[in-house]
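Here are the chains, one letter per residue:
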Amino acid sequence: MQNKFEKSEQLFSKACEFMPGGVNSPVRAWTHIGMDPVIIDHAQKSYIYDVDGNKYIDYISSYGPLILGHAYPSVVKAITETVKNGTSFGATSEKEIEFCSTICETFPSIDMIRLVNSGTEATMSALRLARAYTERDIVIKFEGCYHGHADSFLMKAGSGLLTEEIPSSLGVPKAIAQNTITCDFNNIDSVKAVFKKYPQSIAAVIVEPFPANMGLMLPRTRFLKELRKITREYKTLLIFDEVISGYRYLYGGVQNICNIEPDLTTLGKIIGGGLPIGAYGGKKEIMSLVAPIGDMYQAGTLSGNPLAVSAGIATLNELKNKNVYENIEYKTKVLTKELENILSKKGIPHDIHQYGSVFSIFFTDRLVTTFKDVITTDKIRYGKIFRNLLQKGIMLPPSPYEVCFVSFSHTEDDIHKTLKDYKSCF
Ligand code: KE4
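Cut-off values and rules
Residues numbered from 1 in each chain as written. Predicted model: local features only at pLDDT ≥ 70, side-chain atom pairs only at ≥ 80, totals over all residues. Heavy atoms only, no water. Helix = DSSP H or I, 4+ residues; strand = E, 2+ residues; numbered from the N terminus. Pairing = 2+ DSSP bridges. Near = heavy atom within 4 Å. Polar contact = N/O pair within 3.5 Å; in protein donor to acceptor, adjacent residues only side chain to side chain. Areas by Shrake-Rupley, 256 points an atom, 1.4 Å probe, with all protein chains shown as cover. Nonpolar A, V, L, I, M, F, W, Y, C, P; charged D, E, K, R; others polar. Domains from an automatic or database assignment. Contact = heavy atoms within 4.5 Å. Buried area = accessible area lost by both parts, 1.4 Å probe. Salt bridge = Lys/Arg side-chain N within 4 Å of Asp/Glu carboxyl O. Expected span 1.5 Å × (residues − 1). Buried < 20%, exposed > 50% of the residue type's maximum accessible area, 1.4 Å probe, protein only. Arc of directions from axis to C-beta. Disulfide = S-S within 2.5 Å. Phe/Tyr/Trp six-rings, centres within 6.5 Å; stacked < 30°, edge-to-face > 60°. Lys NZ or Arg CZ within 6 Å of the ring centre and 35° of its normal. Axes fitted to C-alpha atoms, helices over the stretch in contact; angles between N-to-C directions. Parallel < 35°, antiparallel > 145°, perpendicular 65-115°, else oblique. Left-handed = near helix turned anticlockwise from the far one by under 90°.

**Student:** Got a sec to walk through unusual backbone geometry? Specific residues and values, please.
**Tutor:** Working note: non-glycine residues mostly have negative phi, and peptide bonds are mostly trans. A cis amide bond links Ala291 with the next residue in sequence, Pro292, at an omega value of 10°. Mapped onto the elements, Pro292 comes out in the loop between helix 10 (284–287) and helix 11 (306–321). If you check the backbone angles, Ser159 has positive phi at about 50° while not being a glycine. Position of Ser159 relative to the elements: it lies in helix 5 (residues 159–163).

Next up, the structure:
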């Protein structure tokens, strides 16, 4: 029986009266997916339910924070108990100290950390700090990587800009834009050429070490090590944007996998357990520039608020003490291996990227190793499969440039249902 979307249609039309595009973040508008978005009523475990009572196995996972699943009991308990004792103090709480100490213990590259309220705040602040520390202005980013919506990052970015086909945002002053230079991910020569041209002017190179905003893109061997080498050579700070990858693949970050120490790390999503959070951190020598001990100013009314911190502590405790990573990687490997067989048997050209609990399916007849490969993939086919699977109760991300996440709450039955529905969605 076809899912009905009447109530969603009514509510979405009302939403469009009061919110640009009816959403509070562009990618949720399902612009190029061939249908209007459903309106969500609630979510539990691996399931999300719309206002028409349709149930979906959820692979969006709020774009990354919900590694344990929706409304995970220990996270709900932590939030429920904390809220009774106040939501924000405008002063440091013991929980913040415990939380920041836990994160510093996880990352050898982080001596000190500052909590903020979003990944955007984290990357924006990390860049300001890099500019303060190096007294330089230029930042290098990579085409297809997304670091939030701060002015300096809105050139050739991934995620929603790619989905909405906005190469660079309106409203960014030329004076800002000219200090951002975009290179090709996995192409160290494109980086070397910029350093050759501006040897003394580059404050930072910011990179998602495992990009997940142009679909999942894995670095060629040595690319990240070459980045570390050239930034050291030119005394430029290397910023690893681990807002998605922080605690995603292991109890740590990609830096722990590749054994590379960036100068600054940004975090978000998982560390907030589904509540608003971000963080940036690094060695004391750099972090000592951050006000009030230094003159690089950054502040935030709700930074480190007890609710987000308690949800983060509960999440990290589960990740540290359970076999979460083994569990979610196993389920993801079973799913993607069988999807590979289904697509091959159907003769549908594709390239599947998977690492840990994250995967992307690119519809293309070439191997996807660069951003240019990503933008040639078949978006029409992606939209068709999205709509057909939605009818069957499977919710993929509403863009081929967002990645799919498998959570600790996804069951083997969820995986089997997904495969059964995938087989019949062409
Ligand atoms: P937020 O400001 O959205 O909390 O984080 C910005 C950010 C920074 N760095 C990376 C690597 C990110 O992926 C993000 C945000 N991710 C997107 C989805 N890929 C957020 C989803 C949205 O914009 O609605």
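**Student:** Tell me about the sheet that holds strand 2 (residues 47–50), residues and numbers included.
**Tutor:** Overall, mixed pairing links the 4 strands, which are arranged 1-2-3-13 in an open sheet. In the strand order of this sheet, the two ends are held by strand 1 (40–44) and strand 13 (394–395), each with one partner. Relative to strand 13, strand 3 (residues 55–58) is paired through 2 bridges, and the arrangement is parallel. When the bridges of strand 13 are listed, Ile57 appears paired with Ile394.

**Student:** Residue-level account of the site of the ligand, with values.
**Tutor:** Around the ligand, the structure places 17 residues, and the nearest of them are Ser25, Thr120, Asn213, Asp241 and Glu402. In this structure, Ser25 approaches the ligand through a side-chain N or O atom, which is 2.6 Å from an oxygen atom. Here a nitrogen atom of the ligand sits 3.5 Å away from a polar atom, N or O, in the main chain of Tyr146. For the ligand, whose unbound accessible area comes to 540 Å², protein coverage reaches 87%. By residue class, the composition of the shell around the ligand is 5 nonpolar, 8 polar and 4 charged. Structurally, the shell around the ligand is a two-domain feature, drawing no fewer than three residues from each of domain 1 (6–71 + 321–423) and domain 2 (73–319).

**Student:** Could you give an account of the domain arrangement of the chain, naming the residues involved and the relevant values?
**Tutor:** Looking at the chain, the domain boundaries give domain 1 (6–71 + 321–423) and domain 2 (73–319). For domain 1 versus domain 2, the distance between C-alpha centres works out to 25 Å. Counting residues at the interface gives 41 residues for domain 1, matched by 37 residues for domain 2. Looking only at domain 1, the three residues that lose the most surface to domain 2 are Tyr325, Tyr355 and Phe371, adding up to 23% of its buried area. At the surface where domain 1 touches domain 2, the tally comes to 3 salt bridges. Measuring nitrogen to oxygen at the nearest pair gives 2.6 Å for the salt bridge that ties Lys322 to Glu318.

**Student:** Account for helix 14 (residues 379–392), with residues named and values stated.
**Tutor:** The terminal C-alpha atoms of helix 14 lie 20 Å apart, and with 14 residues this matches the ideal 20 Å at 1.5 Å per residue to within 8%. For helix 14, every residue scored as buried is listed here: Tyr382, Gly383, Ile385, Phe386, Leu389 and Leu390. Seen end-on, helix 14 carries its buried residues on one side only, within an arc spanning 165°. Packing partners of the buried residues in helix 14 comprise strand 3, strand 12 (358–362), strand 13 and helix 15 (412–423). A side-chain oxygen of the first residue of helix 14 lies 3.1 Å from the backbone nitrogen of Ile380; this N-cap is Asp378. Downstream of helix 14 by a residue or two, Gly393 has a phi angle that is positive, lying close to 95°.

**Student:** Quick rundown of the state of the cysteines? Include the residues and the values.
**Tutor:** Counting across every chain of the model gives 0 disulfides. Among the cysteines around Cys258, which has no disulfide bond, Cys145 carries the closest sulfur, lying 14 Å off. Note on Cys425: no disulfide assigned, nearest cysteine sulfur contributed by Cys404 at a separation of 12 Å. Its relative accessible area of 1% is what places Cys425 among the buried residues.

**Student:** So what's going on with the pattern of salt bridges? Which residues, and what values?
**Tutor:** Using the criterion set out here, one finds 12 salt bridges in the structure. Of the charged contacts, one joins Arg381 and Asp378 as a salt bridge, the two residues approaching to 4.0 Å between their closest N and O atoms.

**Student:** Break down the environment of Asp378 for me, with residues and values.
**Tutor:** Along the polypeptide, Asp378 turns up in the loop between helix 13 (371–374) and helix 14. Since its relative accessible area comes to 32%, Asp378 is described here as partly exposed. Separated by 170 residues in sequence, Asp378 and Glu208 place their C-alpha atoms 24 Å apart.

**Student:** Got a sec to walk through the packing of aromatic side chains? Specific residues and values, please.
**Tutor:** What the rule picks out here adds up to 13 aromatic pairs. With centroids separated by 5.5 Å and ring planes inclined at 70°, the aromatic side chains of Tyr422 and Phe426 adopt a geometry described as edge-to-face. Owing to a relative accessible area of 3%, Tyr422 belongs among the buried residues under this scheme. A cation over a ring is seen here: Lys55 above Tyr47, with NZ or CZ 4.1 Å from the ring centre.

**Student:** Hey, could you go over the packing of helix 2 (residues 73–83) against helix 11 for me, with residue numbers and the actual values?
**Tutor:** Their axes nearest at 8 Å, the elements helix 2 and helix 11 cross at an angle of 150°. On the basis of their axis angle, the class for helix 2 and helix 11 is roughly antiparallel. Here the hand of the crossing between helix 2 and helix 11 comes out right-handed. Note on element contacts: helix 11 touches helix 2 through Pro306, Leu307, Ser310, Ala311, Ala314, Thr315 and Glu318, opposite Ser74, Val75, Ala78, Ile79, Thr82 and Val83. Taken together, the residues of the contact of helix 2 with helix 11 sort by class into 8 nonpolar, 4 polar and 1 charged.

**Student:** Explain the side chain of Glu143 residue by residue, including any values.
**Tutor:** Looking at the element boundaries, Glu143 is found in the loop between strand 5 (138–142) and helix 5. The buried category is assigned to Glu143, whose relative accessible area is 14%. Leaving out residues up to four positions away in the same chain, Glu143 has contacts with Lys156, Thr182, Cys183, Asp184, Met214, Phe371 and Lys372.

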